[in-house]
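Residue strings, one per chain:
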Amino acid sequence: EAQVTQNPRYLITVTGKKLTVTCSQNMNHEYMSWYRQDPGLGLRQIYYSMNVEVTDKGDVPEGYKVSRKEKRNFPLILESPSPNQTSLYFCASSRREGSYEQYFGPGTRLTVT
Amino acid sequence: QKEVEQNSGPLSVPEGAIASLNCTYSDRVSQSFFWYRQYSGKSPELIMSIYSNGDKEDGRFTAQLNKASQYVSLLIRDSQPSDSATYLCAVNKPGSYIPTFGRGTSLIVHP
């Protein structure tokens, strides 16, 4: 089944404790991206990747890191999480050719206390 | 001006009515337009894409694109309570394969 998976789905952590949210897709998509979604603010792009070893900042990259060492994986790293990073996070992937439809993962709800 | 604008709603319509959702975009040379549906707490899912001026129909859904006026709309005919969700408009900026999303319009279909 073609899908984007994220782990964990729910995470409660404390300020300053490094964490990684994994994202993996099995559709051989070139493009992957991370979004955060907050009430009233919609989906905001954090980082995106055009291909392996190619990443770029989105609209709200502060406090986040990403890496793209393999085509299928695009982890999101919070080196020192803060309460303002409490949010719902989505990973998405899309093809380089064709419709550019975004396929979204199920989401990760992160709470930083 | 935000790149992609939507009325946040909620838009409330009775069951069986036509729901009309609108979206405007600022970059005149945008070329790909999408409507995603998102149920509360779930991930967005694509329901329509449109690339050229005019109407595109798929079942109860019709997407309308007017590039001269820089708007794209989604019509939902025979609205059902299961259509109650947030609808996100997404637009591809020129040279980018990652779309920009609007903040979404909440639709409530009441029995």
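Please read these numbers as outputs of a predicted model, since none were measured by experiment. (Residues numbered from 1 in each chain as written. Chains lettered and ligands numbered in written order. Predicted model: local features only at pLDDT ≥ 70, side-chain atom pairs only at ≥ 80, totals over all residues. Heavy atoms only, no water.)

Engineer: Help me understand the interface of chain A and chain B, please; the structure alone is not making it clear to me.
Structural biologist: By a widespread convention, an interface's size corresponds to the accessible area lost as its parts come together. Listed by partner, the interface residues are 21 residues for chain A and 16 residues for chain B. Surface buried jointly by chain A and chain B totals about 1,600 Å² across both partners, of which 61% is contributed by carbon and sulfur atoms. On the chain A side of the contact with chain B, L43, Y100 and F104 of chain A bury the most area, a combined 29% of that side's loss. Our enumeration of links across chain A and chain B arrives at 0 salt bridges. For the pair chain A and chain B, the number of links is 4 residue pairs in polar contact (both at pLDDT 80 or more). For the side of chain A that touches chain B, the secondary structure elements donating two or more residues are strand 4 (31-38), strand 5 (42-51) and strand 9 (87-94) of chain A. With 5 residues, the single largest contributor to the side of chain A that touches chain B is strand 5 of chain A. The residue makeup of the side of chain A that touches chain B, split by class, is 10 nonpolar, 9 polar and 2 charged. (Contact = heavy atoms within 4.5 Å. Buried area = accessible area lost by both parts, 1.4 Å probe. Salt bridge = Lys/Arg side-chain N within 4 Å of Asp/Glu carboxyl O. Polar contact = N/O pair within 3.5 Å; in protein donor to acceptor, adjacent residues only side chain to side chain. Helix = DSSP H or I, 4+ residues; strand = E, 2+ residues; numbered from the N terminus. Nonpolar A, V, L, I, M, F, W, Y, C, P; charged D, E, K, R; others polar.)

Engineer: Teacher, can you tell me more about the sheet that holds strand 8 (residues 76-78) of chain A here?
Structural biologist: Two pairing modes exist for strands in a sheet, parallel and antiparallel, and in both the strands are linked by backbone hydrogen bonds. Read across the open sheet, the 4 strands follow the order 1-3-8-7 (chain A); overall the sheet is antiparallel. In this open sheet, the two strands that pair with only one neighbour each are strand 1 (4-7) and strand 7 (65-66) of chain A. (Pairing = 2+ DSSP bridges.)

Engineer: How do you make sense of unusual backbone geometry when you look at a structure like this?
Structural biologist: Across the junction of N7 of chain A and P8 of chain A, the peptide omega takes the value -5 degrees, indicating a cis bond. With respect to the helices and strands, the residue P8 of chain A is situated in the loop between strand 1 and strand 2 (10-13). Following G9 of chain B, the chain continues into P10 of chain B via a peptide bond in cis, with omega recorded as 10 degrees. The residue P10 of chain B is located in the loop between strand 1 (4-6) and strand 2 (11-14) in this model. One non-glycine residue with positive phi stands out, namely Q70 of chain B, at about 60 degrees. With respect to the helices and strands, Q70 of chain B occurs in the loop between strand 7 (61-66) and strand 8 (71-76). Given the relative accessible area of 12%, Q70 of chain B is considered buried. Here the phi dihedral of D78 of chain B falls at roughly 50 degrees; this positive angle occurs in a residue that is not glycine. Along the chain, D78 of chain B turns up in the loop between strand 8 and strand 9 (85-92). (Buried < 20%, exposed > 50% of the residue type's maximum accessible area, 1.4 Å probe, protein only.)

Engineer: Would you explain the nonpolar core in this entry?
Structural biologist: In a soluble, globular protein the nonpolar side chains are often hidden away together inside. In terms of nonpolar packing, the biggest core is built from 23 residues, with W35, V72, L74, I76 and Y87 of chain B touching the most fellow members. Apart from residues no more than four positions distant in its own chain, I76 of chain B is found in contact with A17, I18, A19, L21, R60, F61, D83, Y87 and L107 of chain B. Listed in part, the 19 residues of the second largest apolar core include M27, L76, Y89 and C91 of chain A. (Core = buried A, V, L, I, M, F, W, Y, C linked by side-chain atoms within 4.5 Å.)

Engineer: Please clarify how the state of the cysteines should be interpreted in this entry.
Structural biologist: In a disulfide, the sulfur atoms of two cysteines are covalently bonded to one another. Residues and elements named next belong to chain A. For the structure on display, the rule yields 2 disulfides over all chains. Here C23 engages in a disulfide with C91; their sulfurs sit 1.8 Å apart. The chirality of the disulfide connecting C23 with C91 is left-handed, given an S-S dihedral of about -70 degrees. In this pair, C23 is assigned in strand 3 (residues 19-25) and C91 in strand 9, connecting sequence segments 68 residues apart. A single burial state applies to C23 and to C91, both of which are buried. (Disulfide = S-S within 2.5 Å.)

Engineer: How should I be thinking about the sheet that holds strand 8 of chain B in this particular structure?
Structural biologist: Residues and elements named next belong to chain B. Judged by pairing direction, the sheet is antiparallel, and its 5 strands sit side by side in the order 1-3-8-7-6 without closing on themselves. Edge strands, defined here as strands with exactly one partner in the open sheet, are strand 1 and strand 6 (54-58). For this sheet the average axis-to-axis angle between neighbouring strands, irrespective of direction, equals 20 degrees. (Axes fitted to C-alpha atoms, helices over the stretch in contact; angles between N-to-C directions.)

Engineer: Looking at this structure, how should I read the environment of F104 of chain A?
Structural biologist: Looking at the element boundaries, F104 of chain A is found in strand 10 (residues 103-104). The exposure class of F104 of chain A is buried, given its relative accessible area of 11%. Between the C-alpha atoms of F104 of chain A and L19 of chain A, which are 85 residues apart in sequence, the distance is 21 Å. What F104 of chain A contacts, discounting residues up to four positions off in sequence, is V4, Y35, L43, F90, C91 and A92 of chain A together with Y36, S43, P44 and F101 of chain B.

This is a description of form; function is not addressed.
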